[in-house]
Each structure stands twice: as C-alpha cells, then as structure tokens.
Amino acid sequence: MPRSSETVAALASALAKAQAELINPEKSLTATIRAGRPGEGERSFRYAPLSSGLDIVRKTLGQHEIATVQTTAIDQTAGMVNLTTTRIGRSVRSPRPPIPSAWAPR
C-alpha cells in the first residue's frame, strides 16, 4: 500500500478537486417491487442508471486528467492491481489481496 510521498500528495490534490465537482446523476428511471408478503402493496422507487453516474465520473476525472486502470492479471500473490494516474505520469499502484479460494465463484 502506498505511503506518503509527493506523488501521492499530488494525486490526492487532483482527486480532491475532481470530487468537489462531482454531482449526483438524475434519477430518471422507476422500478416497482412486488410485495413479499400477502397484504403488502407494491413499492416503487426512482433511481439513476449506472451509465449516468459513470458519464459524470468520466467527464470530471477527464477534466482533471486523472485515469484509473484496473489490470486483468490476477495471481495468488498480488491479486488485482489498481493503478490511478495523471497525464504527467504521477501514479499510485494499489494491489488488492487475492480472494480466498473459498470465496471464489463456482
């Protein structure tokens, strides 16, 4: 896990500026859930499509020239690796531990 450094500080600063600009996506869809028990009515709620949230995040991070890359290489020692980087090459590599085999999908 990365510790304190100029690279982390610069990246954290850019991320903080981007976070300040993030907005909530519009809840443009409605879902209805049937009652689970007799006598209960249906429940409806509004929600935003995932694509709307992703569009907002991509646009905001792009304006600050921040990218997140997730590798597809997974092994027993490193697990999955996230790489957050800026246009000028500042980056933070964050390995995620592998999932125990007992939790693996079957």
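Rules behind the numbers
- Per-chain numbering applies: the sequence of each chain, read as written, is numbered from 1 onward.
- Only residues with pLDDT of 70 or above have their local features reported here, since the model is predicted, and side-chain atom pairs are shown and tallied only from 80 upward, although totals for entire chains, interfaces and linings are computed over all residues.
- For side-chain calculations, the full set of non-hydrogen atoms in the structure is used, while hydrogens and water are omitted.
- Put simply, DSSP H or I for four residues or longer makes a helix, DSSP E for two residues or longer makes a strand, and each gets a number counted from the N terminus.
- Type-normalised accessible area, obtained with a 1.4 Å probe on protein chains alone, sets the label of each residue: buried when under 20%, exposed when over 50%, and partly exposed for intermediate values.
- We call two residues contacting when some pair of their heavy atoms lies within 4.5 Å.
- Stacked, tilted and edge-to-face pairs are distinguished by plane angle, under 30 degrees for stacked and over 60 for edge-to-face with tilted covering the rest, among Phe, Tyr and Trp rings (Trp via its six-membered ring) whose centres lie within 6.5 Å.
- Should a side-chain nitrogen of Lys or Arg be within 4 Å of a carboxyl oxygen of Asp or Glu, the pair is scored as a salt bridge.
- Here a cavity means grid points, on a 1 Å grid over the protein atoms only, where a 1.4 Å probe fits yet cannot get out; a pocket means an open set of points with protein on both sides within 12 Å along at least five of seven lines; lining residues are those with an atom within 4 Å of a point.
- Grid points are joined across faces, edges and corners, and a volume is the space filled by probe spheres set on the points.
- Under the scheme applied here, ten amino acids are nonpolar (Ala, Val, Leu, Ile, Met, Phe, Trp, Tyr, Cys and Pro), four are charged (Asp, Glu, Lys and Arg), and all others, including Gly, are polar.

## Comments concerning the overall build of the chain
Reasoning step 1: Helix and strand content of the chain: two helices and five strands.
Reasoning step 2: Listing the helices and strands of the chain from first to last along the sequence gives α-β-β-α-β-β-β.
Reasoning step 3: Classification of the 106 residues of the chain by burial places 15% in the buried group.
Reasoning step 4: Counting contacts in the chain only where the partners sit at least 6 residues apart, residues at least 24 apart contribute 29% of the total.

## A look at the packing of aromatic side chains
Reasoning step 1: In this structure the tally under the stated criterion is one aromatic pair.
Reasoning step 2: Relative to Tyr47, the ring of Phe45 lies with its centre 5.9 Å away and its plane at 45°, an arrangement referred to as tilted.
Reasoning step 3: Classification of Phe45 by relative accessible area gives partly exposed; the value is 38%.

## What to know about unusual backbone geometry
Reasoning step 1: Non-glycine residue Glu65 carries a positive phi angle of around 55°.
Reasoning step 2: Inspection of the secondary structure puts Glu65 in the loop between helix 2 (50–63) and strand 3 (66–70).

## Some words on the pattern of salt bridges
Reasoning step 1: For the structure shown, the criterion picks out two salt bridges.
Reasoning step 2: Measuring nitrogen to oxygen at the nearest pair gives 3.6 Å for the salt bridge that ties Glu40 to Arg37.
Reasoning step 3: Overall, Glu40 belongs to the partly exposed group, its relative accessible area being 34%.
Reasoning step 4: We classify Arg37 as exposed; its relative accessible area is 59%.
Reasoning step 5: Here Asp55 and Arg58 are joined by a salt bridge, their closest N and O atoms 3.5 Å apart. With a gap of three residues between them, Asp55 and Arg58 both fall in helix 2, about one helical turn apart.
Reasoning step 6: Residue Asp55 is classed as partly exposed on the basis of its relative accessible area, which comes to 45%.

## Considerations on the layout of surface pockets
Where empty space is left can be seen by rolling a probe of water-molecule size over the atoms.
Reasoning step 1: Space inside the largest pocket adds up to approximately 170 Å³.
Reasoning step 2: As for the largest pocket, its lining consists of Leu15, Ala18, Gln19, Leu22, Val57, Leu61, Ile66, Ala67 and Thr68.
Reasoning step 3: Here the lining of the largest pocket is built from residues that sort into seven nonpolar, two polar and no charged.

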